[in-house]
Amino acid sequence: MNSVNTYIQENKQRFLDELIALLKIPSISADKAYEKQVLLTADFVMDSLKKAGCDKVESCETPGYPIIYGEKIIDDKLPTVLVYGHYDVQPADPIALWHSPPFEPVIKKTEIHPEGAIFARGSCDDKGQMYMHVKALEYMTNTGNLPCNVKFMIEGEEEVGSESLSWFVPRNVEKLKNDVILISDTGMIANDIPSITTGLRGLSYVEVEVTGPNRDLHSGLYGGAVANPINILTKMIASLHDDNNHITIPGFYDKVEDLSQEERAEMAKAPFNLEEYKDAIKIGDVYGEEGYSTNERNSIRPTLDVNGIWGGYTGEGAKTVIASKAYAKISMRLVPNQDWKEITELFVKHFESIAPKAVSVKVTPHHGGQGYVTPINNIAYQAASKAYQTTFGKTPIPQRSGGSIPIVALFEEYLKSKTILMGFGLNSDAIHSPNEHFGVWNYLKGIETIPYFYKYFTELS
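Quick look at the structure, then. (Residues numbered from 1 in each chain as written. Predicted model: local features only at pLDDT ≥ 70, side-chain atom pairs only at ≥ 80, totals over all residues. Heavy atoms only, no water.)

**Thoughts on the sheet that holds strand 18 (residues 437-439)**
Where strands meet in a sheet, backbone hydrogen bonds hold them as pairs that are either parallel or antiparallel. A sheet is described by the order of its strands in space; here three strands give the open sequence 4-5-18, paired in antiparallel fashion. In the strand order of this sheet, the two ends are held by strand 4 (106-108) and strand 18, each with one partner. For this sheet the average axis-to-axis angle between neighbouring strands, irrespective of direction, equals 30 degrees. In the packing of helix 13 (residues 440-460) onto the sheet, the strands contacted are strand 4, strand 5 (117-119) and strand 18, and the crossing angle to strand 18 comes to about 60 degrees. (Pairing = 2+ DSSP bridges. Helix = DSSP H or I, 4+ residues; strand = E, 2+ residues; numbered from the N terminus. Axes fitted to C-alpha atoms, helices over the stretch in contact; angles between N-to-C directions. Contact = heavy atoms within 4.5 Å.)

**Brief notes about the pattern of salt bridges**
Taken as a whole, this structure holds 22 salt bridges when the rule is applied. Between Glu 448 and Lys 445 there is a salt bridge; the shortest N-O distance is 3.3 Å. Residue Glu 448 and its partner Lys 445 are both found in helix 13; the two are separated by three residues, about one turn of the helix. Judged by its relative accessible area of 11%, Glu 448 falls in the buried class. The network of salt bridges with common partners includes Arg 14, Glu 18, Lys 135 and Glu 138. (Salt bridge = Lys/Arg side-chain N within 4 Å of Asp/Glu carboxyl O. Buried < 20%, exposed > 50% of the residue type's maximum accessible area, 1.4 Å probe, protein only.)

**Describing the side chain of Thr 374**
Along the chain, Thr 374 falls in the loop between strand 15 (372-373) and helix 11 (379-392). Looking at Thr 374, its side chain comes within polar contact range of the main-chain oxygen of Thr 419, at 3.1 Å. Beyond its immediate sequence surroundings of up to four residues, Thr 374 is in contact with Thr 197, Thr 198 and Thr 419. (Polar contact = N/O pair within 3.5 Å; in protein donor to acceptor, adjacent residues only side chain to side chain.)

**Digging into the packing of aromatic side chains**
Here the structure, examined in full by the defined rule, presents 15 aromatic pairs. Consider the rings of Tyr 452 and Tyr 456, whose centres lie 6.2 Å apart with planes at 25 degrees: the pair is stacked. Highlighted residues: Tyr 452 and Tyr 456, both in helix 13, separated by four residues, approximately one helical turn. As far as burial versus exposure is concerned, Tyr 452 and Tyr 456 are alike and both buried. With a centroid separation of 5.6 Å and an interplanar angle of 10 degrees, the aromatic rings of Phe 453 and Phe 457 are classed as stacked. Pair noted here: Phe 453 and Phe 457 are both in helix 13, with a separation of four residues, about one helical turn. On the basis of relative accessible area, Phe 457 is assigned to the buried category, the value being 2%. Members of the aromatic cluster, connected to one another through ring pairs, are Tyr 388, Phe 392, Phe 424 and Trp 441. Lying across the ring of Tyr 65, Lys 32 places its NZ or CZ 5.4 Å from the centre. Over the aromatic face of Phe 392 sits the side chain of Lys 445, whose NZ or CZ is 5.4 Å from the ring centroid. (Phe/Tyr/Trp six-rings, centres within 6.5 Å; stacked < 30°, edge-to-face > 60°. Lys NZ or Arg CZ within 6 Å of the ring centre and 35° of its normal.)

**Section: unusual backbone geometry**
Asp 93 connects to Pro 94 through a cis peptide bond whose omega is -5 degrees. Along the polypeptide, Pro 94 turns up in the loop between strand 3 (80-86) and strand 4. Cis peptide bonds are those with omega within 30 degrees of zero, and the linkage from Asp 125 to Asp 126 qualifies with 0 degrees. Relative to the assigned elements, Asp 126 resides in the loop between strand 5 and helix 3 (127-143). The residue Ala 430 is not glycine, and still its phi comes out positive at about 60 degrees.

**Let's talk about helix 13**
Given 3.6 residues per helical turn, the α-helix brings residues three or four places apart onto the same face. Here helix 13 spans 31 Å end to end across 21 residues, near enough to the 30 Å set by a 1.5 Å rise per residue. With respect to burial, helix 13 is a largely interior element, 17 of its 21 residues being buried. (Expected span 1.5 Å × (residues − 1).)

**Side note on the sheet that holds strand 13 (residues 325-334)**
Spatially, the four strands line up as an open sheet ordered 11-13-9-14, and their pairing is antiparallel. In the strand order of this sheet, the two ends are held by strand 11 (303-311) and strand 14 (360-369), each with one partner. When the angles between neighbouring strand axes are averaged without regard to direction, this sheet yields 15 degrees. Sheet topology note: the strand 11/strand 13 ladder contains eight bridges and is antiparallel. In the strand pairing of strand 13, Asp 305 is matched with Ser 331. Those strands touched by helix 6 (residues 229-238) are strand 9 (202-211), strand 11, strand 13 and strand 14, and its axis lies near 15 degrees from that of strand 13.

**Looking at helix 10 (residues 340-353)**
Spanning 14 residues, helix 10 covers 20 Å between terminal C-alpha atoms, matching the ideal 20 Å at 1.5 Å per step. Taken residue by residue, helix 10 has Trp 340, Ile 343, Thr 344, Phe 347, Val 348, His 350 and Phe 351 as its buried positions. Buried residues belonging to helix 10 abut strand 9, helix 6, strand 11, strand 13 and strand 14. The N-terminus of helix 10 is capped by Asp 339, whose side-chain oxygen sits 3.1 Å from the backbone nitrogen of Lys 341.

**Observations regarding the nonpolar core**
The nonpolar side chains of a soluble globular protein tend to be buried, and buried together. In this structure, Tyr 443, Phe 453 and Tyr 454 are the most contacted members of the largest nonpolar core, which totals 64 residues. Within the residue set of this core, elements represented by two or more residues are helix 1 (4-23), helix 2 (35-52), strand 3, helix 3, strand 6 (149-155), strand 7 (180-183), helix 11 and helix 13. Element by element, the count of residues in this core is highest for helix 13, at ten residues. Contacts of Tyr 454, omitting those with residues within four sequence positions, involve Val 81, Val 83, Met 140, Leu 146, Pro 147, Cys 148, Val 150 and Leu 182. Residues Ile 232, Tyr 253, Ala 328 and Val 335 belong to the second largest nonpolar core, which totals 29 residues. (Core = buried A, V, L, I, M, F, W, Y, C linked by side-chain atoms within 4.5 Å.)

**Considerations on the environment of Asp 279**
With respect to the secondary-structure elements, Asp 279 resides in helix 8 (residues 274-280). Classification of Asp 279 as partly exposed rests on a relative accessible area of 48%. For Asp 279, the side chain forms a polar contact with the side chain of Lys 282, separated by 3.2 Å.

In short, shape yes, function no, at least from these values alone.
As structure tokens, this is what we get:
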């Protein structure tokens, strides 16, 4: 294993060039206009897995985009690691806020990344982190350091809810049989403070539509006499939180897991500087549910946020109308024990109930998933911890994440195996935002660390 650093240095430029080529393809799964590019990306992943040493690679048809499956089986008696990742990316909007085109990757130095960071949509989420595993496999197969079996399952719909994966997994349990699932679609506290994600929040995502009159109306002739859907919608949304930023949907908190004071005290040991946090995102103060710290609000507590709102005239100049319709997209991040389908039903029932008779309301659920907590007392976590200790020289901190990877709970339900979340991104990498980036150091550190997970997991097994 000592050869891994030598191998990385000898192939560093090629590793970067290959990732940049992958990032140039705009695989936006949410927009049908990019269907061809998404399929091209799937082909790229297939080709990369073949070159990395997989003996079997196939494009598996689904009701949506294909799932790329690959495997390298060296001995049926040895343990099997299943690597999951996704090749689709978020839309790049708003384009005007990017400092460089989102699908023309550039490497620039930053204060946090003095060695340079790759700026492009998907660089951290999840193409860069997924591709670390491909290159780690290449190293292990080319140098004879692969200690166990490996399977890959790379999908193209993670950013739109993984519906085809939910269809695929139950139908391919034997194909996907494994001893542990390994995912890099999360982050760590800092480059000098490694951490392993041990918890994820669930998700419920809905779109709401409020309709008033049967057409846009003149705001002078009808203003004050007819309900304005935009006004009504904003009032309804505002009512979803009370003065303490507690969500007001009846039954919303019934199954929320309340961590003990001891558990919260352990979480609080993770390094965190509130002033640096505020400065990094240029805010005057933090804001959230009363009675909880910033790190608790974004990890162990559920949330409700408006992700988009529109209606009426938004063009240049003025147009005095009362819009016929108003819309909003709303996401709820959920904690373990909250069932996303049940929460969606509670939202629909409540939102419809608070609408005045002057308007009609339509709620369209989009997608969701369950929260997940992974134990830290199993051999997979111990193997990951030893891997970080080897390459970082420090024991990683277990940390719950505010993000969601809904398919983790799905994997446990059907494949009966635990998931280890070895993320190498940082919170400052602007995933889902303009100017997303991924540190060159982080990319290469992932390639260095992953083979040690295989080594220690096999030894402990």
